[in-house]
Amino acid sequence: MATFLYKLGRLAFRRRHFAALIWVALLTLAGVGAANAPAAGASSFSIPGTEAQKAFDLLEQRFPGMSADGATARVVFKAPTGEKMADKANKATVEKTVKALEDGSEVTSVTDPFKAKAVSKNGSIAYASVKYKVSGMELKDSSKGALEEAAQQARDAGLTVEVGGDALQATPETGSTEVIGIAIAAVVLVITFGSLIAAGLPLLTALIGVGIGVSTIAALASALDLGTTTSTLAMMIGLAVGIDYALFIVSRYRAELAEGREREEAAGRAVGTAGSAVVFAGLTVVIALVGLSVVNIPMLTKMGVAAAGTVAIAVLIALTMIPALLGYAGRKVQPAGQKSRLLGGGRAAKKAGRPNMGTRWASFVVRRPLAVLLLGVVALGAAAVPAASLELGLPDDGSQPASTTQRRAYDLLSDGFGPGFNGPLMLVVDAKASDDPKGAVTRVTDTVKDLKGVVSVTPATYNKPGDTAMITVIADSQPSSVKTENLVHTIRDAGGDIRADTDAQVLVTGSTAMNIDFSQKLNDALVPYLALVVGLAFLLLIVVFRSILVPLKAALGFLLSVMAALGAVVAVFQWGWLANLIGVEQTGPIMSMMPIFMVGVVFGLAMDYEVFLVTRMREAYVHGEKPGQAIVTGFKHGARVVTAAAVIMIAVFSGFIGSSESMIKMIGFGLAIAVFFDAFVVRMALVPAVLALLGKKAWWLPRWLDRALPNVDVEGEGLRGLGDGRRKSEDDDRKLARV
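Residues numbered from 1 in each chain as written. Predicted model: local features only at pLDDT ≥ 70, side-chain atom pairs only at ≥ 80, totals over all residues. Heavy atoms only, no water.

Now for the pairing of strand β1 (residues 72-78). Where β1 and strand β3 (residues 125-132) come together, 7 bridges link them in antiparallel fashion. Residue pairing in the sheet places V75 in a bridge with A128 of β3. (Pairing = 2+ DSSP bridges. Helix = DSSP H or I, 4+ residues; strand = E, 2+ residues; numbered from the N terminus.)

Here the focus is the nonpolar core. Looking at soluble globular proteins, one finds that nonpolar side chains tend to be buried together. One finds Y245, I249, Y253, F573, M598, F653 and F669 to be the most contacted residues of the largest nonpolar core, which totals 167 residues. In terms of residue count, helix α21 (residues 662-694) provides more of this core than any other element does, 21 residues in total. Non-local contacts of I249, meaning those with residues more than four positions away in its chain, are made with A270, V271, A274, G275, V278, A318, L319 and I322. One finds F77, M85, V107 and A128 within the second-largest nonpolar core, a separate group that totals 25 residues. (Core = buried A, V, L, I, M, F, W, Y, C linked by side-chain atoms within 4.5 Å. Buried < 20%, exposed > 50% of the residue type's maximum accessible area, 1.4 Å probe, protein only. Contact = heavy atoms within 4.5 Å.)

This part covers helix α16 (residues 482-502). An α-helix turns once per 3.6 residues; consequently, residues spaced three or four apart project the same way. Over its 21 residues, α16 runs 30 Å from end to end, which matches the ideal 30 Å to within 8%, given 1.5 Å per residue. Here α16 has its buried residues at T484, L487, V488, I491, R492, A494, G495, I498 and T502. (Expected span 1.5 Å × (residues − 1).)

Now for the side chain of N463. With respect to the helices, strands and loops of the structure, N463 is situated in the loop between β8 (461-462) and β9 (468-475). On the basis of relative accessible area, N463 is assigned to the buried category, the value being 7%. What N463 contacts, discounting residues up to four positions off in sequence, is R62, F63 and T468.

This paragraph deals with the sheet that holds strand β2 (residues 107-110). A sheet is described by the order of its strands in space; here 4 strands give the open sequence β2-β3-β1-β4, paired in antiparallel fashion. Edge strands, defined here as strands with exactly one partner in the open sheet, are β2 and β4 (160-165). Averaged over neighbouring strand pairs, the angle between their axes works out to 20° when direction is ignored. As paired elements, β2 and β3 share 3 bridges and run antiparallel to each other. Note that in β3 the partner of V110 across the bridge is V130. (Axes fitted to C-alpha atoms, helices over the stretch in contact; angles between N-to-C directions.)

Looking now at the confidence of the model for the protein. Averaged over every residue, the pLDDT of the protein is 84; residues scoring 70 or more account for 90%. When mean pLDDT is taken per element in the protein, helix α13 (residues 369-384) scores highest with 95 and helix α23 (residues 730-738) scores lowest with 45. Predicted confidence is poor over residues 346-350, with pLDDT under 50, and the contacts of this stretch with residues over four places away or in other chains come to 11 contacts. Here residues 725-739 is modelled with pLDDT under 50, and outside its nearest four sequence neighbours on either side it reaches 29 contacts, counting other chains as well. (pLDDT = per-residue confidence, 0-100.)

The next subject is helix α10 (residues 298-329). Between the first and last C-alpha of α10 there are 44 Å, a value that for 32 residues agrees with the 46 Å anticipated at 1.5 Å per step. When you tally the buried positions in α10, you get 24 out of 32 residues, the bulk of the element. The positive-phi residue at the C-terminal boundary of α10 is G330, with phi of around 60°.

Turning to the packing of aromatic side chains, a few remarks are in order. Counting across every chain of the model gives 9 aromatic pairs. Ring plane angle 85° and centroid distance 5.3 Å describe the contact between Y127 and F417, whose orientation is recorded as edge-to-face. With Y127 in strand β3 and F417 in helix α14 (residues 405-417), the pair connects residues that are 290 residues apart, well separated along the chain. Each member of the pair, Y127 together with F417, is buried. Members of the aromatic cluster, connected to one another through ring pairs, are Y127, F417 and F421. Between the NZ or CZ atom of K438 and the centre of the ring of Y462, over which it lies, the distance is 5.7 Å. (Phe/Tyr/Trp six-rings, centres within 6.5 Å; stacked < 30°, edge-to-face > 60°. Lys NZ or Arg CZ within 6 Å of the ring centre and 35° of its normal.)

Time to look at the packing of helix α3 (residues 51-62) against helix α17 (residues 511-545). Packing of α3 against α17 brings their axes to within 8 Å, and their N-to-C directions diverge by 135°. If you check the angle between α3 and α17, you find them oblique. Across from E51, A52, Q53 and F56 in α3, the residues of α17 making contact are A513, M514 and D517. Tallied by class, residues from the contact of α3 with α17 come to 4 nonpolar, 1 polar and 2 charged. (Parallel < 35°, antiparallel > 145°, perpendicular 65-115°, else oblique. Nonpolar A, V, L, I, M, F, W, Y, C, P; charged D, E, K, R; others polar.)

This part is about empty space enclosed by the protein. Gaps between atoms show up when a probe of the same size as a water molecule is rolled over them. Under the criterion given, the structure shown has 2 cavities of 30 Å³ or more. Looking at the largest cavity, its volume works out to about 50 Å³. Lining the largest cavity are T205, A206, G209, V210, G238, G242, A246, T310, A314, I317 and A318. The set of elements that each furnish at least two residues to the lining of the largest cavity consists of α7 (196-224), α8 (228-258) and α10. When the residues that make up the lining of the largest cavity are grouped by side-chain class, the tally is 6 nonpolar, 5 polar and no charged. (1 Å grid on protein atoms, 1.4 Å probe; cavity = no way out; pocket = protein on both sides within 12 Å on 5 of 7 lines; lining within 4 Å. Points joined across faces, edges and corners; volume = space filled by probe spheres on them.)

Next up on the list: the pattern of salt bridges. What the rule picks out here adds up to 18 salt bridges. Here R14 and E264 are joined by a salt bridge, their closest N and O atoms 2.8 Å apart. Note that R14 is positioned in helix α1 (residues 2-14) and E264 in helix α9 (residues 263-290), a separation of 250 residues in sequence. According to the relative accessible area criterion, R14 is partly exposed, its value standing at 38%. Note that E259 is salt-bridged to R261, the shortest N-O span being 2.6 Å. Classification of E259 by relative accessible area gives partly exposed; the value is 48%. Judged by relative accessible area, which is 8%, R261 ranks as buried. (Salt bridge = Lys/Arg side-chain N within 4 Å of Asp/Glu carboxyl O.)

So, on to a nonpolar patch on the surface. Taken together, the side chains of F18, I22, L26 and L29 define a hydrophobic patch exposed on the protein surface, amounting to about 400 Å² of accessible area. Looking at where I22 falls in the secondary structure, it is placed in helix α2 (residues 16-36). (Patch = residues over 30% accessible without salt bridge, like charges linked within 9 Å, V, L, I, M, F, W, Y side chains within 5 Å. Areas by Shrake-Rupley, 256 points an atom, 1.4 Å probe, with all protein chains shown as cover.)

Our next topic: unusual backbone geometry. The phi dihedral of R546 is positive, around 50°, even though this residue is not glycine. Turning to its location among the elements, R546 is positioned in the loop between α17 and α18 (549-574). The phi dihedral of L578 is positive, around 55°, even though this residue is not glycine. Here L578 lies in the loop between α18 and β11 (590-591).

Turning our eyes to something else, we now look at the side chain of E106. Relative to the helices and strands, E106 is located in the loop between α4 (88-102) and β2. Side-chain polar atoms of E106 contact the backbone nitrogen of K140, separated by 3.2 Å. A distance of 2.6 Å separates a polar atom in the side chain of E106 from a polar atom in the side chain of S143. (Polar contact = N/O pair within 3.5 Å; in protein donor to acceptor, adjacent residues only side chain to side chain.)

The contact between helix α12 (residues 357-367) and α21 brings their axes to 8 Å, and the two run at 50°. Comparing the axis directions of α12 and α21 gives the class oblique. Along this stretch, α12 crosses α21, giving a crossing that reads as right-handed. For the pair α12 and α21, contact is made by W361, V365 and V366 and by M684, A685, P688, A689 and A692, respectively. The residue makeup of the contact of α12 with α21, split by class, is 8 nonpolar, no polar and no charged. (Left-handed = near helix turned anticlockwise from the far one by under 90°.)

This is the structure we're talking about:
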C-alpha cells in the first residue's frame, strides 16, 4: 500500500492542476445539486419490529386519513388568579380561539375544551388539542403563524396561554460557537506549523470535503428522507477528521523536507507513510459509523452512512488534494523546525540537539510505566463513576428550556391534570379475529382501569368496521419515569392473557411507549454492535501493526475512555454539574442513542490517534530500534502532531455545544470530552506505559498468522529504494513556487 500511495502522492503533486480541478468540479456539482434539489421534508422516525411501531402501522391501515404521524399542538389556557375557565368572558375567549384554529388549511381537527371535558378539576386550566395533516417539520409557516397568532389573541384577552406539542418545533441552530471552534483549529494549526500557508491547507481541504459531503446530503435529502441532524453530524465529524488527516500528511511532508528531500519526493513519501495511516484510521471510523446499521433503526443508519461518506471524502482529499496544494505552495511550506518569515523570520525554531516535549514525556513514561499506568486508569475510573447512574430516555417538552412556550405548556398540563398527562399511552386493540370485538375492547378497558398507576382510561374510539379500537390511558407518573415504563410492560403482559381468552391483540403505543421501545432496542443492540465494530477494527489493526497485544491494548483503552466520557455526560446533562457553563438549562435522562452512538464514533476517532502514534513507533521498531527507544522516537515525531490534532478535534466538537438542539449539544460535548480522555490520557499516557511494560512482547505475532496476513507496509519499508532524491538547489524551489 505504501508504494501505491507514494506513487499517487507524486502524481497528484505533478498533476496538481488536474487534481485540484477534479475536487473543485465535485464541489460545484454537489452545490448545484443541493441548490436545485426539492426541499427536504421531515425525516420519518420508525423503529421496525417494535410493538409501538406495529401499532402505528395498524392505525394507518385501520383508521385511514387520521394522520397518525401528523403534527399536534396543545393550546393550554390558564385563567387569571381567582377566576375559572368556565367564567363567561374566559369561556368566550377560548371558544373564539378554537374557532380561529379550525380555519387552518392543514388542520385536521380541533377539540373544544368544554365539550371534550378538557378542564382541570379546580377549573383554572383547560386545553385545546389541534391535529394537523402533516408532520411538524412539514408544517407551513402560515400554519405556525396562525397558531401563534390565535394564542396571542387569547393572551391579549387576559388569559395565560402556552403552546405545547411538535407543531412549533424549530430547526436547530448551532450558534456562533461552531465558528469559534474552527477559529481555534486555525490558531492551533498556525502554532503547529509556524506558517499561515501550511496551516491553511488542512482547513481549506477540510472545508471542501465537508462542503461536498453536506451538499450531497442536501441534494439527496428529499429522495432518501434525510433529516437536518444527518447533515449536522456529517459536518461535525467531517470537519474534525478532515483537518486531522490533512494535518498528519502536511506534518510528514515537512519532516521529509527537513531530511533534505525534493518537494515532489517529500510529497510522495508523506502520502506513502502518513497516508497509509490515514487510510486505516479512516477505515476504522467508516466501520464504526456504517456499523450503526446493525441496530436496524433507519434514522440511525442514515446518520451513520452519511457521516461515513463524509469521512471517506476526507480521506480521498487528504491523499490527493493535499499533495496538489503542496505543489502550488512550493517554498512557502517550510521544512519541519522552521517558521515562515511572518511568524519567525525563517530561522530555526529550537536549538539543535534539544529534545522536544514529546521526547521528554515519552522518556519519563518509559522510566515510570507502572506509576503512569495506575494513575491513568484510576483517573479514568473516577470519571466513569457517574455512568453507573445512567438513565436513558428521549427528549420531550419537559426537557425544553424553562423559557420556551412548550416547556411552560408542559408544566401547566402537569399542574392541572397530573404528571402523566404529558405522555399518554395509546392502546390499539386489534379485535378483527375476535368473535366479540366490543366485548374484547370492554375487557381491555376494565382490566387496564384496575392496574396500579393508572389515573384514567378514555372510552374506546372504533374504526368504521368496528374491529379496531383506540383507548387512551393516563398514568400517574412522568412519561420518562421508570414507573411509567413498568406500567407499559404491565399492560403488555395483561394483553397476553386477554389475547388468549378473546383472540384480540392489545398493542401499546404513543410517544412514551415509542421512547421506551427505542431505548430497549438500542440497549439490546449495544453488545452485538460493540462486538462487530471492535472485532472488525481489531482484525484491521492486527494487519496494520502485525501484533496481537497492541490492538488488544487499543480496544481496552477505548473502553476506558468511552466509559469516562459517558460518566462526564451523565454528570453534566443528568446530574447538572457545570451545566450552566455550557448552556444546559434542563437536566434529565440521557438521550437513548447516546451510548451506542458514542461507542461507534469515539471508537473510530480513538483508533485515529492509535494508528497515527503507534505506526511511528512500529516504523522505528521495524527499522532496528529497541522497544523503549522506539516509543521515544514515535513520540518525538508524532506527539506534537497528535496533540494538535486532538486539540483541533476537541475545538470542532465543542463548537456544536452551542446548538439549540439538545441532542446536538449532548453529542458535541460527549465527543469533545471523549477525545480529550482518549488522546491525552489513553494514547499519550497509557499506551506508552503499556508498551514499555510489554517490551518486545508488544510486537509478538504467531508465525502462522504472520504468513497468513497481507503485508500492507504502513511503515513505508518498500519506499527505501524509491527515488531517494535530495533537493537540487534553491533555484529549483523558486521555479516550482512560480508554477
